[in-house]
Amino acid sequence: MSTTLTLIQGDITEQTVDAVVNAANSSLLGGGGVDGAIHRRGGPDILDACRALRAGHYGRGLPTGQAVATTAGRLPARWVIHTVGPVHSSTEDRSALLASCYTESLRAAAQLGARTVAFPAISTGVYRWPLADAARTAVATVRAALATTPDAFDEIRFVVFDDRARTAYEAALAED
Ligand code: APR
């Protein structure tokens, strides 16, 4: 059975899935938006795991476009996959880095054996990426990744926080 793509408007910390993707920053030590909500609701175990990553392989932080998994702490999930989106630039096309957040997060999820994955609208908040373009990149990148492994997951869930984002993702999902 091929993977279902779903769209939900709500709080990503309330999603009962195997893996929740966090719109983190390179420090992996928390922040606002999705990052703040995940650490607040997930509890200190997530930050402890992130600190261990910084003390080990990610001594210089998680590079933009890469992804790494930790425990999900008290979230209704098994793992958090932290990924660092690019800050939007009007002079430099960083689309490949945004796409990489999705492909690398899916790679990490598959390695964990996660069957359901929830993504926020990466880079569309503090990192100011225009919603329409971010939604198109998210949907096109996930669809392309699944085209090669159609049964890699049961569900990939896009979780948006407001009406504007929902409209953008609905439009992106309606495109072929
Ligand atoms: N659930 C789902 N979506 C949310 C939630 C939530 N609880 N909170 C915010 N969002 C939405 C925002 O409305 C936005 O559309 O997630 C999208 C991403 O916004 P940010 O969380 O600001 O992430 P990003 O733009 O990638 O910026 C990352 O912000 O929080 C800091 O530490 C983080 O430095 C990093 C930067």
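A quick note: this is a predicted structure, and the numbers were derived from the prediction, not measured.

Procedures and definitions
Residues numbered from 1 in each chain as written. Predicted model: local features only at pLDDT ≥ 70, side-chain atom pairs only at ≥ 80, totals over all residues. Heavy atoms only, no water. Buried < 20%, exposed > 50% of the residue type's maximum accessible area, 1.4 Å probe, protein only. Helix = DSSP H or I, 4+ residues; strand = E, 2+ residues; numbered from the N terminus. Contact = heavy atoms within 4.5 Å. Near = heavy atom within 4 Å. Polar contact = N/O pair within 3.5 Å; in protein donor to acceptor, adjacent residues only side chain to side chain. Areas by Shrake-Rupley, 256 points an atom, 1.4 Å probe, with all protein chains shown as cover. Nonpolar A, V, L, I, M, F, W, Y, C, P; charged D, E, K, R; others polar.

Q: Teacher, can you tell me more about helix H1 (residues 33–42) here?
A: Two residues of an α-helix separated by three or four positions point the same way, owing to the 3.6 residues in each turn. Asp35, Gly36, Ala37, Ile38, His39 and Gly42 are the residues of H1 that are buried. In the core, the buried residues of H1 are packed alongside strand E2 (19–24), helix H2 (44–55) and strand E4 (79–84).

Q: Help me understand the side chain of threonine 141 in this model?
A: Along the chain, the position of threonine 141 falls in helix H4 (residues 131–148). Setting aside chain neighbours within four positions, we find threonine 141 in contact with Ala99, Tyr102 and Thr103.

Q: So what exactly am I meant to see when it comes to the site of the ligand here?
A: For the ligand, the set of nearby residues contains 20 residues, the closest of which are Asn25, Val34, Asp35, Thr124 and Gly125. One nitrogen or oxygen atom from the side chain of aspartate 11 is found 3.1 Å from a nitrogen atom belonging to the ligand. Contact distances for the ligand include 2.8 Å between an oxygen atom and a side-chain N or O atom of aspartate 35. The fraction of the free accessible surface of the ligand (700 Å²) that becomes covered by protein chains is 90%. Broken down by element, the residue count for the shell around the ligand peaks at 4 residues, all from H1. Residue composition of the shell around the ligand, grouped by class: 9 nonpolar, 9 polar and 2 charged.

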